[in-house]
Amino acid sequence: MSMAVVGMVAGMALGFAGYFGGFGAFLLVAALGAIGFIAGRFLDGDLEPGDFFRSRDRGDRRR
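Since we're looking at a predicted model, the values are computed, not measured.

Draft legend 1. Spatial organisation of the overall build of the chain. Regarding its fold elements, the chain presents one helix and zero strands. Counting over 63 residues, the chain shows a buried share of 2%. In the form shown here, the chain has an accessible surface area of approximately 5,700 Å², with 65% of it arising from carbon and sulfur atoms.

Structure (structure tokens):
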């Protein structure tokens, strides 16, 4: 399934949630969709748990 189709389905789900359930349902569906997206990326192997906890290396650090 292409990313355009996935985006369209996600947009339709958010639209239905917003229309029938109000803004709270819209936010709930959006949050659960984001959690599902991140979980899917973990399962595909595109993300590692350390990606969220590593500090960024900056060359302009001052001591």
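Draft legend 2. Summary view of helix α1 (residues 3-44). In this model, α1 (42 residues) spans only 15 Å end to end at C-alpha, well below the 62 Å of a helix rising 1.5 Å per residue. Its axis deflected by about 145° at Gly21, α1 carries its strongest bend there. Following α1 by one or two positions, Gly45 has its phi on the positive side, about 90°.

Draft legend 3. Highlighting the environment of Leu14. Take Leu14: it is sitting in helix α1. Residues Leu14 and Leu27 lie 13 residues apart in sequence; the distance between their C-alpha atoms is 8.4 Å. Apart from residues no more than four positions distant in its own chain, Leu14 is found in contact with Phe26, Val29 and Ala30.

Draft legend 4. Inspection of the packing of aromatic side chains at higher detail. For the structure shown, the criterion picks out three aromatic pairs. Measuring from ring centre to ring centre gives 6.0 Å for Phe16 and Phe20, while their planes differ by 15°; the resulting arrangement is stacked. Remark: Phe20 and Phe16 occur in helix α1; sequence separation between them is four residues, near one turn of the helix. The exposure class assigned to Phe16 is partly exposed, which follows from its relative accessible area of 47%. Through a chain of ring-to-ring contacts, the aromatic side chains of Phe16, Tyr19 and Phe20 assemble into a single cluster.

Draft legend 5. Region of interest: the layout of surface pockets. Here the largest pocket defines a volume of roughly 210 Å³. Lining the largest pocket are Met3, Val6, Ala10, Ala13, Leu14, Val29, Ala30, Gly33, Ala34 and Phe37.

Draft legend 6. A look at the UniProt feature "transmembrane region" (unreviewed entry) in the chain. UniProt feature "transmembrane region" (unreviewed entry): in the numbering of this structure it lies at residues 12-39. Helix makes up 100% of residues 12-39 and strand makes up 0%, while its end C-alpha atoms are separated by 21 Å.

Reading guide: rules and limits
Residues numbered from 1 in each chain as written. Predicted model: local features only at pLDDT ≥ 70, side-chain atom pairs only at ≥ 80, totals over all residues. Heavy atoms only, no water. Helix = DSSP H or I, 4+ residues; strand = E, 2+ residues; numbered from the N terminus. Buried < 20%, exposed > 50% of the residue type's maximum accessible area, 1.4 Å probe, protein only. Areas by Shrake-Rupley, 256 points an atom, 1.4 Å probe, with all protein chains shown as cover. Expected span 1.5 Å × (residues − 1). Bend = angle between axes of the 7 residues up to and from the residue. Contact = heavy atoms within 4.5 Å. Phe/Tyr/Trp six-rings, centres within 6.5 Å; stacked < 30°, edge-to-face > 60°. 1 Å grid on protein atoms, 1.4 Å probe; cavity = no way out; pocket = protein on both sides within 12 Å on 5 of 7 lines; lining within 4 Å. Points joined across faces, edges and corners; volume = space filled by probe spheres on them. UniProt positions renumbered as here; feature names shortened; annotations may be inferred.

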